[in-house]
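Residue-level listing of the chains:
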Amino acid sequence: MQNAEFSDEPRSEKIPGFASDVHGKPVIDLDAGSLYAFGHLIRSAETLVLDQFSKGLVSGTTHTCLGQELCQMAVVRSLRHHRDAVLSTHRNHGHFLTYSGEFLGLVAEIMGRKDGVCGGHGGSQHLAYRHFHSNGVQGGMAGIGVGLGLSRKRDGDGAIVAVIVGDGTLGQGLLYESINLASVWELPVLFVIENNGIAQTTSTAETTGGTIEARGKAFGLPTWRFSDDHPDFCKQVEEVTHTVRGSGGPGFLVLDTMRMGPHSKGDDLRDDAEKEAMRRRDPLARLGDGLTQDLRGEIERRNEQFMKALAERAEASPKAEFEEPPLHIFKKTRVTQKAGPVRGDPAGKGNVRQSLNSALRQLLEHSDKTLLQGEDLHDPYGGAFKVTVGLSSDFPGRVISTPISEAGITGTAIGLAMAGFRPIVEIMFADFLTLCTDQIYNHAVKFPGVFADIDVPLVIRTPSGGRRGYGPTHSQSPENLFASVPGLTVVYGSHRHNVGQLLMDATMQWPYPVLFLEHKLLYGEVQDRGEFKILPPDEKDIAGDLFPTLVRGSAEPDITIVTYGGMLPVVETVAEQLEQREEVSVEVVAPALLSPFPRRTLNRHLLARPRIAVVEEAHHDFGISAEILASLLEAQYKGRAIRIGTPPVPISSARTLESQILPDEDRLIDQILTLFD
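In this text, all values refer to a predicted model and were calculated from it rather than measured experimentally. Note on numbering: residues in each chain are counted from 1, in written sequence order. This being a predicted model, a pLDDT of at least 70 is required before a residue's local features are given, and a value of 80 or more before pairs of side-chain atoms are given or counted; all residues contribute to the totals for chains, interfaces and linings. Here the side-chain values reflect all heavy atoms present in the structure, with hydrogen atoms and water set aside.

Asker: Sorry, what's going on with the overall build of the protein here?
Answerer: Numbering of helices and strands runs from the N terminus, with a helix taken as a DSSP run of H or I at least four residues long and a strand as a DSSP run of E at least two residues long. Along the backbone of the protein there are 23 helices and 22 strands. Principal axes of the C-alpha set define a box for the protein whose edges measure 100 × 55 × 50 Å. Accessibility here uses a 1.4 Å probe with only protein chains present; expressed as a share of the type maximum, an area under 20% marks a residue as buried, one over 50% as exposed, and anything in between as partly exposed. Taken across its 677 residues, the protein has 60% of its residues classed as buried. Here the protein carries 67 positive and 87 negative side-chain charges, and the mean point of each set is 2 Å from the other. His residues and chain termini do not enter the charge count, which takes Lys and Arg as positive and Asp and Glu as negative. One atom stands in for each charge, and that atom is NZ of Lys, CZ of Arg, CG of Asp or CD of Glu.

This is how it looks when you write it as structure tokens:
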């Protein structure tokens, strides 16, 4: 057996015939007997899973790698650094078993049993084990792989990252964003294309223009192409991983293979002649045919006994159940790194832009794990709204101007966060968050939500809102879309909050993904608490103390106006006019935290109020105001209420048209006064 770079400590054997390193990774030699033995184990496990499905012991779906065992083993078996990472896709079992050796963990996981490697939370497609992660969204892990690659490069420890996809993923734009980023930043990331010639049921020859290799070469990546039926296939692949590790840069590896089984369980529509040709080609069977009869028989008998015992243990494992069904994903409410105060605190000695810039500066000074990413952040430009001015000059290499790749840089930040960094991403306009949605909705919040002990301390900053004449795709307020994402923390401060402190706490004290919204018109506003006071948070409201709700005005108001973000200056003017012209006592409540919704704090304060108006700049159908009022209604609110926002139409560019769409002082007063009819 070869020495593994994982560790020089003694290794144990948990799989018959194979030693494992101290982390449990099987050590698979290049001789035909070792390769056949482990490949046969993978095939036996896949056959077992399909048999269990036919018996009703597996629900949902599963995607086996029958026929692709050597292909799935080759790259992973050659990764021997203890921080090498593997990011896989829905067809991941061979990768996972080669990386972890957790045969029982895989089978039990697919069966939904307690002994599953993820306790039944991930199933067949979503697996996590040390530096192995898979997801069922095609190409969705590519950007995360870039982030992990950037972390390995910055740490300088010689580890590399393998991003493995199938040829059906070659139509996904995120894959190319990720390859470009890895190329531009010269990251140790190997992109592996398992080319089995078919997506679900469609031949990829019908969906892929040009050649696969040309895609890697177009981005300047060293490119290789091998077939898994070549006698020296695994050796060829190992040489590629050594080359990538030695260069410290990216690579592009195409592996020709054939999937002998269906896409999932029974959807194989290929004709019998094609299936027979694949069986004749079968690289694993050919490898076995080259062994002596005695050796092959010994291997297969040993594997059969192992799989029989494994099946019994998996079936005996209790079904996965929650001790108590969770209400949210938040298990931790703090991290160990304490964010210090922003210079100039208390608020009032600068504007919102300066407070944010000061916070970013202190974060960069306080923690070398803080990295800023976004388009045009460098000096002298400093970002579209000048929040990062001066930072790239003072912190070279840690303020990174990126290509226009919103999904790619969001994925990169997820990978960095998983590796222990504190990434802060600036998306130039909040409207562009829709390009990041898959990475937020299907990836960032899923890691801490599904897998134990995985933190994703990621902050996405973005300017939001209208009133600048920017038009339909640069003026929107999308917080209502993102506040509904389970596990995503949405913070929207105002000029009355200490926004710099909010940003520092979101970065250093909150181990979950945060969307940090900043209204464009507030950047120039003086940051000043004024007469506002912090509303004491309910201890059961998650993060309510980190991202506080402010309140000012009468203790026994005629009307309470709840608003946030860029609407607060407008509402303050409205409150003043109501008090002066209508002799109405007004209270203003301004939360900074939109999700997780500070339900108990707001309900406790608002339930006794006779009239409530909730004002937002976003399209208020299905919005924040609807959630606030629904929560009050569920708590038996007896007063009168109204929600006011933007109608569900595009925001026009002409300032005259825009002003007729977005809520203004006159319309707010008119609608609020209807509560007194």
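Asker: Please clarify how the nonpolar core should be interpreted in this entry.
Answerer: It is characteristic of soluble globular proteins that their nonpolar side chains tend to be buried jointly. Judged by nonpolar contacts, the single largest core of 116 residues is most densely connected at F191, F447, L458 and F516. Contact between two residues is taken to exist if any of their heavy atoms lie within 4.5 Å; hydrogens are not considered. Not counting the four nearest positions on each side in its chain, L458 is found in contact with A413, I414, A417, P423, V425, A444, Y512, P513 and V514. Put simply, a nonpolar core is a bunch of buried Ala, Val, Leu, Ile, Met, Phe, Trp, Tyr and Cys residues held in one set by side-chain atoms that sit within 4.5 Å of each other. In this structure, C65, M73, A162 and L190 belong to the second largest nonpolar core, which totals 56 residues.

Asker: Quick question: what am I supposed to make of the environment of L66 here?
Answerer: Structurally, L66 can be placed in the loop between α1 (32–54) and α2 (69–77). Residue classification places L66 among the buried residues on the basis of a relative accessible area of 15%. Considering only alpha carbons, one finds L66 and I42, 24 residues apart in sequence, at a separation of 8.5 Å. With residues up to four places along the chain from it excluded, the contact list for L66 reads R43, E46, T47, L50, M258, R259, M260 and G261.

Asker: Help me understand the state of the cysteines, please; the structure alone is not making it clear to me.
Answerer: Joining two cysteines, a disulfide is a covalent bond between their sulfur atoms. Cysteine sulfurs are considered disulfide-paired once they come within 2.5 Å of each other. One pass over the structure, following the stated rule, counts 0 disulfides. For the unlinked cysteine C71, the closest cysteine sulfur is that of C65, found at 8.8 Å. Look at C71 and you get buried, because its relative accessible area is 1%.

Asker: How should the pairing of strand β10 (residues 370–374) be read in this particular structure?
Answerer: Note on strand geometry: in a regular strand, side chains alternate between the two faces of the sheet. Of all 5 residues in β10, 5 are buried, a share of seventy percent or more. The side-chain alternation of β10 yields two buried faces, one formed by T370, L372 and G374 and the other by L371 and Q373. Two strands pair when backbone bridges link them, and β10 and strand β12 (residues 422–426) are joined in this way by 5 bridges, in the parallel orientation. Within β12, the position partnered with L371 by the bridge is P423. Two strands make a pair as long as DSSP finds a minimum of two bridges between them. Bridging between β10 and strand β11 (residues 399–401) involves 3 bridges; their strand directions are parallel. When the sheet's bridge partners are listed, L372 is paired in β11 with V399.

Asker: Before we go on, may I ask you to explain α2 in this structure?
Answerer: Helical geometry: 3.6 residues make up each α-helical turn, so side chains three or four residues apart lie on a common side. Of all the 9 residues making up α2, 9 are buried; the element is thus mostly covered by neighbouring parts of the structure. Those residues of α2 that sit buried are E69, L70, C71, Q72, M73, A74, V75, V76 and R77.

Asker: Would you take a moment to explain the packing of helix α5 (residues 142–155) against helix α6 (residues 173–185) for this structure?
Answerer: Relative placement of two packed helices is described by the angle separating their axes and the distance separating the axes. Note on definitions: angles span 0 to 180 degrees between N-to-C directions of axes, and those axes are lines fitted to C-alpha atoms, for helices only across the stretch in contact. Here α5 crosses α6 at 15°, and the two axes come no closer than 8 Å. Relative to α6, the element α5 is oriented roughly parallel. The two elements α5 and α6 meet at a crossing, and its hand is right-handed. Taken together, the residues of α6 that come into contact with α5 (itself represented by A142, G143, V146, L150 and K153) are L174, L175, S178, L181, A182 and W185. Taken together, the residues of the contact of α5 with α6 break down into 8 nonpolar, 2 polar and 1 charged. We call two directions roughly parallel when the angle between them is under 35 degrees, roughly antiparallel when it is over 145, roughly perpendicular when it lies between 65 and 115, and oblique otherwise. Each crossing gets its handedness from the near helix: less than a right angle anticlockwise from the far helix is left-handed, clockwise is right-handed. Classification used: nonpolar for Ala, Val, Leu, Ile, Met, Phe, Trp, Tyr, Cys and Pro, charged for Asp, Glu, Lys and Arg, polar for all others including Gly.

Asker: How do you make sense of the sheet that holds strand β4 (residues 128–129) when you look at a structure like this?
Answerer: Hydrogen bonds along the backbone pair up the strands of a sheet, which may run parallel or antiparallel. Ordered in space as β4-β5-β3-β6-β7-β9-β8, the 7 strands form an open sheet in which the pairing is mixed. Whereas interior strands pair on both sides, the edge strands pair on one side only; in this sheet they are β4 and β8 (223–227). As judged from the 2 bridges shared by β4 and strand β5 (residues 132–134), these two strands associate in the antiparallel manner. Bridge pairing in β5 links Y129 to F132. Contacts from helix α8 (residues 233–247) reach β7 (189–195), β8 and β9 (251–256) within the one sheet, and its direction differs from that of β8 by about 165°.

Asker: Honestly, the packing of aromatic side chains in this entry has me stumped. Any pointers?
Answerer: Aromatic ring pairs: the centre-centre distance and the angle between the two ring planes describe each pair. Two aromatic rings from Phe, Tyr or Trp, using only the six-membered ring of Trp, form a pair when their centres are within 6.5 Å; if the ring planes differ by under 30 degrees the pair is stacked, by over 60 it is edge-to-face, and anything between is tilted. What the rule picks out here adds up to 17 aromatic pairs. With centroids separated by 5.9 Å and ring planes inclined at 40°, the aromatic side chains of Y99 and F132 adopt a geometry described as tilted. Placement of Y99 in helix α3 (residues 93–100) and of F132 in strand β5 is noted, with a sequence separation of 33 residues between them. Judged by relative accessible area, which is 3%, Y99 ranks as buried. Residue classification places F132 among the buried positions, given a relative accessible area of 0%. A connected cluster of aromatic rings, assembled from ring pairs, spans F385, F429, F432, Y470 and Y523. Directly above the ring of F421 sits K369, whose terminal nitrogen or CZ lies 4.2 Å from the centroid. Cation placement over rings: the criterion is NZ of Lys or CZ of Arg within 6 Å of the ring centroid and within 35° of the ring normal. Directly above the ring of Y381 sits K386, whose terminal nitrogen or CZ lies 3.6 Å from the centroid.

Asker: What should I look at first to understand the packing of helix α12 (residues 352–366) against helix α18 (residues 499–508) in this one?
Answerer: Taken N-terminus to C-terminus, the directions of α12 and α18 make an angle of 35°; their axes are 7 Å apart at the nearest point. Crossing of α12 against α18: the hand is right-handed. Seen from α12, the contacting residues are V352, S355, L356, A359, L360, Q362, L363 and H366; seen from α18, they are V499, G500, L503, M504, T507 and M508. By residue class, the composition of the contact of α12 with α18 is 9 nonpolar, 5 polar and no charged.

Asker: Help me out: how do you make sense of the pairing of strand β13 (residues 459–464) in this one?
Answerer: Extensive coverage of β13 is indicated by the burial of 6 of its 6 residues. Two strands pair when backbone bridges link them, and β12 and β13 are joined in this way by 3 bridges, in the parallel orientation. The partner of I424 across the bridge, within β13, is V459. As paired strands, β13 and strand β15 (residues 514–519) are joined by 6 bridges and run parallel to one another. Looking at β15, one finds that T462 is bridged to L517.

Everything listed is a geometric property; what it means functionally is a separate question.
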